[in-house]
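Fold and contact review
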Amino acid sequence: MKDGLIIFQKNAELGKVKTRLAATIGDQAAFEAYQSLVKYTHKVTSQSVADKVLFFTNSLEEDLSTYPRDYRFELQSGEGLGDKMKNAFDQLFEEKYDRLVIIGTDCAEITPELISEAFEKLRNHEVVIGPAQDGGYYLLGMRSLFSGIFEGIPWSTDQVTALTVSFLERESITYDLLPVLSDVDTKEDWDRFKDKL
């Protein structure tokens, strides 16, 4: 089995990351919160046996030596989030991956065990989803590209998981769910998790 773990990461720019959080705690504090989340995410992903491919939003960082040695770096391409995710999956399925899982860097509850479980669930299901408390998802995995998953979804709303699941059911695509976790988007979320990070 050739497994790939896709990590979507925004380039760390003051005022451009964690904007909802910044509205309450300020740009600098939100920027630092973002960096803690990124560091935590890589601590978790570095323990996965899958190939790790980190997709930046705008440009490759100057210094990539801070990342685990077995990472590969790419740039996201496409218009909106759905388009970008679809293109990343498409690119790696072209490289003959059997199972692909994508995560962002917003979830302070993700663990190496959950990532393993996602790949495990893809043995018997075509798709796996890690639903987030806010109605989005913190993880999506597939055994082959189902482009429809990314179409007509109002991203960053509480409808994302529900609409994704109804698409899968409509198309009779088998899927399984991971436990519901929280993303860090608000001051309340951050207060709950900052000590853990």
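Before any of the text, the structure's been laid out above.
Structure report, in brief. (Residues numbered from 1 in each chain as written. Predicted model: local features only at pLDDT ≥ 70, side-chain atom pairs only at ≥ 80, totals over all residues. Heavy atoms only, no water.)

Some remarks on the overall build of the protein chain
Looking only at helices and strands, the protein chain has 6 helices and 7 strands in total. On C-alpha atoms alone, the protein chain measures out to a radius of gyration of 16 Å, which is about the 16 Å that the 2.2 N^0.38 rule sets for 197 residues. Structurally, the protein chain occupies a C-alpha span of about 45 × 35 × 30 Å along its principal axes. The buried share among the 197 residues of the protein chain stands at 48%. Considering only residue pairs separated by 6 or more positions, the protein chain has 64% of its internal contacts joining residues 24 or more positions apart. Surface accessibility of the protein chain: about 9,700 Å² in total, with carbon and sulfur atoms responsible for 47%. (Helix = DSSP H or I, 4+ residues; strand = E, 2+ residues; numbered from the N terminus. Rg over C-alpha atoms; globule rule 2.2 N^0.38 Å. Buried < 20%, exposed > 50% of the residue type's maximum accessible area, 1.4 Å probe, protein only. Contact = heavy atoms within 4.5 Å. Areas by Shrake-Rupley, 256 points an atom, 1.4 Å probe, with all protein chains shown as cover.)

Here we look at the environment of A50
Within the secondary structure layout, A50 lies in the loop between α2 (27–45) and β2 (51–56). The class of A50 is buried, set by a relative accessible area of 6%. Residues A50 and V180, 130 residues apart in the sequence, show an inter-C-alpha distance of 23 Å. Sequence-distant contacts of A50, defined by excluding residues within four places in its chain, comprise D3, G4, L5 and F119.

Some thoughts on the sheet that holds strand β4 (residues 99–103)
As summarised here, the arrangement of the 7 strands in space is β3-β2-β1-β4-β6-β5-β7, forming an open sheet in which the pairing is mixed. If you trace the sheet from one side to the other, it starts and ends with β3 (71–75) and β7 (175–177), each paired once. The mean inter-strand angle of the sheet, taken between neighbouring strand axes irrespective of direction, is 20°. Judged from the 5 bridges that link them, β2 and β3 form a sheet pairing that is parallel. Paired with F55 across the two strands is E74, which belongs to β3. Contacts between α2 and the sheet are confined to β1 (3–9), β2, β3 and β4, with β1 contributing the most and set at about 175° to the helix. Each of β1, β4, β5 (127–131), β6 (137–142) and β7 touches helix α4 (residues 112–121); the most contacted strand, β4, lies at about 145° to it. (Pairing = 2+ DSSP bridges. Axes fitted to C-alpha atoms, helices over the stretch in contact; angles between N-to-C directions.)

Some words on the side chain of D189
The topology assignment puts D189 in helix α6 (residues 187–193). Here D189 falls in the buried class, since its relative accessible area comes to 13%. When sequence neighbours within four positions are dropped, the list of residues in contact with D189 reads D183 and V184.

Details of the nonpolar core
The biggest cluster of nonpolar side chains holds 26 residues, and the ones touching the most others in it are F89, V127, L140, M142 and I149. Sort the elements by how many residues they give to this core and helix α3 (residues 81–94) lands first, with 5 residues. Apart from residues no more than four positions distant in its own chain, F89 is found in contact with I6, L100, I102, L140, M142, L145 and F150. If you look at the next biggest cluster of nonpolar residues, it comprises 23 residues, including I7, I110, F119 and L178. (Core = buried A, V, L, I, M, F, W, Y, C linked by side-chain atoms within 4.5 Å.)

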